[in-house]
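Each chain, letter by letter, is given below.
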Amino acid sequence: MRVEQQPAFVLHARPYRETSLLMECLTRDHGRIGVVARGVRKERARLQRAQLEPFQRLELDLLLKGELATLRSAEPSGAAMRLVGDAGLAGLYLNELVVRLTGRQDPNADLFERYELTLRRMAAREPLAWTLRRFERDMLDSLGYALQLAVDASDGEPLDPDAAYFYDPEAGALPGRAGDARSVRGRDLLALAEDRSPDSAGLASLRRMMRQVIAFHLGGGELRAWRVLK
């Protein structure tokens with residue numbers, strides 16, 4: 001099947017055979033696709049590897065057959081988003097998260113839009129910790145793992161902003177114990193639900209909570225990016 005002018009981002013690329021690349025791309029209409037870019041590592045290749053860097057929106061022409069697609073052409077679409085320093089590390093985290101949590105060829109236009117919006121927020125130097133928590137929340141929602149952030153899972157009552165909770169990935173927010181390293185305040189869960197940035201303590205507890213939830217959906221694994229992201 002020919003796929004033409006497909007909006008996409010390169011998530012990861014590695015050498016493939018002598019002169020090619022094997023890439024993981026997030027596309028708007030076909031989800032994550034494994035793409036073989038033949039010959040791009042040749043010195044005089046028509047399409048250079050530099051044109052296939054992360055964080056650049058591309059328009060791809062592909063020949064899709066089976067699990068892998070063959071790249072026929074790639075054109076930049078708009079200016080590349082410059083992510084430097086911590087923002088660059090955060091961008092690599094986004095890419096690893098998408099690769100690890102999605103299956104190939106599972107269309108998800110909503111995830112594509114949320115991913116692109118997050119890159120734009122990071123390029124605009126919006127606060128990284130809050131930007132990442134928003135993406136994690138939205139990505140889980142797009143994948144059918146929406147967080148239950150407004151009610152106590154033990155009794156269905158609205159969360160108490162001043163109470164401590166433990167977030168169970170399978171059940172939701174359960175009564176916790178203040179001072180427990182795994183606890184998160186009700187006000188911080190409500191802030192995440194209402195798209196309001198909490199204070200620094202709230203952001204730190206949401207970070208711990210989201211890592212626990214993501215690890216659960218990874219089957220108990222972890223992401224390499226967690227070792228370098230603060």
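In this report, the structure presented in the accompanying data block is examined.

Reading the values: the criteria
- Residues numbered from 1 in each chain as written.
- Predicted model: local features only at pLDDT ≥ 70, side-chain atom pairs only at ≥ 80, totals over all residues.
- Heavy atoms only, no water.
- Helix = DSSP H or I, 4+ residues; strand = E, 2+ residues; numbered from the N terminus.
- Contact = heavy atoms within 4.5 Å.
- Areas by Shrake-Rupley, 256 points an atom, 1.4 Å probe, with all protein chains shown as cover.
- Lys, Arg positive; Asp, Glu negative; His and termini not counted.
- Charge placed at Lys NZ, Arg CZ, Asp CG, Glu CD.
- 1 Å grid on protein atoms, 1.4 Å probe; cavity = no way out; pocket = protein on both sides within 12 Å on 5 of 7 lines; lining within 4 Å.
- Points joined across faces, edges and corners; volume = space filled by probe spheres on them.
- Nonpolar A, V, L, I, M, F, W, Y, C, P; charged D, E, K, R; others polar.
- Buried < 20%, exposed > 50% of the residue type's maximum accessible area, 1.4 Å probe, protein only.
- Polar contact = N/O pair within 3.5 Å; in protein donor to acceptor, adjacent residues only side chain to side chain.
- Core = buried A, V, L, I, M, F, W, Y, C linked by side-chain atoms within 4.5 Å.
- Pairing = 2+ DSSP bridges.
- Salt bridge = Lys/Arg side-chain N within 4 Å of Asp/Glu carboxyl O.

**A closer look at the overall build of the chain**
Line of reasoning, step 1. Counting its secondary structure elements, the chain contains five helices and eight strands.
Line of reasoning, step 2. Reported as C-alpha extents along the three principal axes, the dimensions of the chain are approximately 60 × 35 × 25 Å.
Line of reasoning, step 3. Within the chain, contacts between residues separated by at least 24 positions form 54% of all contacts whose residues are at least 6 apart in sequence.
Line of reasoning, step 4. Carbon and sulfur atoms form 47% of the exposed surface of the chain, whose accessible area is close to 11,800 Å².
Line of reasoning, step 5. Charged side chains in the chain number 35 positive and 33 negative. The centres of these two groups are separated by 9 Å.

**Concerning the layout of surface pockets**
Line of reasoning, step 1. Counted as a void, the largest pocket has a volume near 300 Å³.
Line of reasoning, step 2. Residue lining of the largest pocket: 15 residues in total, with Leu11, His12, Leu92, Glu96 and Arg224 positioned closest to the centre.
Line of reasoning, step 3. Of all the elements in the fold, those that place two or more residues in the lining of the largest pocket are strand 1 (2-16) and helix 1 (86-101).
Line of reasoning, step 4. Per-element tally for the lining of the largest pocket: the top contributor is helix 1, with seven residues.
Line of reasoning, step 5. The residue makeup of the lining of the largest pocket, split by class, is nine nonpolar, two polar and four charged.

**Comments concerning the side chain of threonine 118**
Line of reasoning, step 1. Residue position: threonine 118 is located in helix 2 (residues 109-123).
Line of reasoning, step 2. Threonine 118 gets classed as buried once you look at its relative accessible area, which sits at 2%.
Line of reasoning, step 3. Every residue in contact with threonine 118, bar those within four places of it in the chain, is listed here: Leu94, Thr131 and Phe135.

**Topic: the environment of tyrosine 165**
Line of reasoning, step 1. Here tyrosine 165 is to be found in strand 6 (residues 164-168).
Line of reasoning, step 2. For tyrosine 165, the side chain forms a polar contact with the main-chain nitrogen of aspartate 160, separated by 2.8 Å.

**Considerations on the nonpolar core**
Line of reasoning, step 1. Formed by 45 residues in total, the largest nonpolar core has its most connected members in Tyr93, Tyr115, Leu119, Leu147, Leu189 and Met209.
Line of reasoning, step 2. Counting residues per element, the ones that place at least two in this core are strand 1, helix 1, helix 2, helix 3 (128-142), strand 6, helix 4 (186-193) and helix 5 (200-217).
Line of reasoning, step 3. Once you skip the residues sitting within four places of it in the chain, tyrosine 93 turns out to touch Leu132, Glu136, Ile214, Leu223, Ala225, Trp226 and Leu229.
Line of reasoning, step 4. Judged by nonpolar contacts, the second largest core, of 18 residues, contains Leu52, Leu58, Leu60 and Ala74.

**A closer look at the pairing of strand 3 (residues 31-37)**
Line of reasoning, step 1. Judged by how many residues are buried, strand 3 sits mostly within the fold: seven of seven residues are covered.
Line of reasoning, step 2. Here strand 2 (residues 20-27) runs beside strand 3; their pairing, made up of seven bridges, is antiparallel. Following the sheet pairing, methionine 23 is matched in strand 3 by valine 35.
Line of reasoning, step 3. Taken together, strand 2 and the strand that follows it, strand 3, pair antiparallel across an intervening segment of three residues.
Line of reasoning, step 4. One ladder, built from three bridges, connects strand 3 with strand 5 (residues 68-76); its direction is parallel. By the bridge assignment, glycine 34 is partnered in strand 5 with leucine 68.

**Quick notes on the pattern of salt bridges**
Line of reasoning, step 1. Under the counting rule described, the total for this entry stands at 21 salt bridges.
Line of reasoning, step 2. Across the salt bridge formed by glutamate 116 and arginine 57, the nearest N and O atoms sit 2.8 Å from each other. In this pair, glutamate 116 sits in helix 2 while arginine 57 sits in the loop between strand 3 and strand 4 (58-65), placing the two residues 59 residues apart along the sequence. Pair check on accessibility: glutamate 116 and arginine 57 agree, each one buried.
Line of reasoning, step 3. Glutamate 222 is the partner of arginine 227 in a salt bridge, and the nearest nitrogen-oxygen pair spans 3.4 Å.
Line of reasoning, step 4. For arginine 227, a relative accessible area of 61% puts it in the exposed group.
Line of reasoning, step 5. Judged by relative accessible area, glutamate 222 falls into the partly exposed class, the value being 45%.
Line of reasoning, step 6. Through salt bridges that share partners, Asp110, Arg114, Arg134, Arg137, Asp138, Asp141 and Asp195 make up one connected network.

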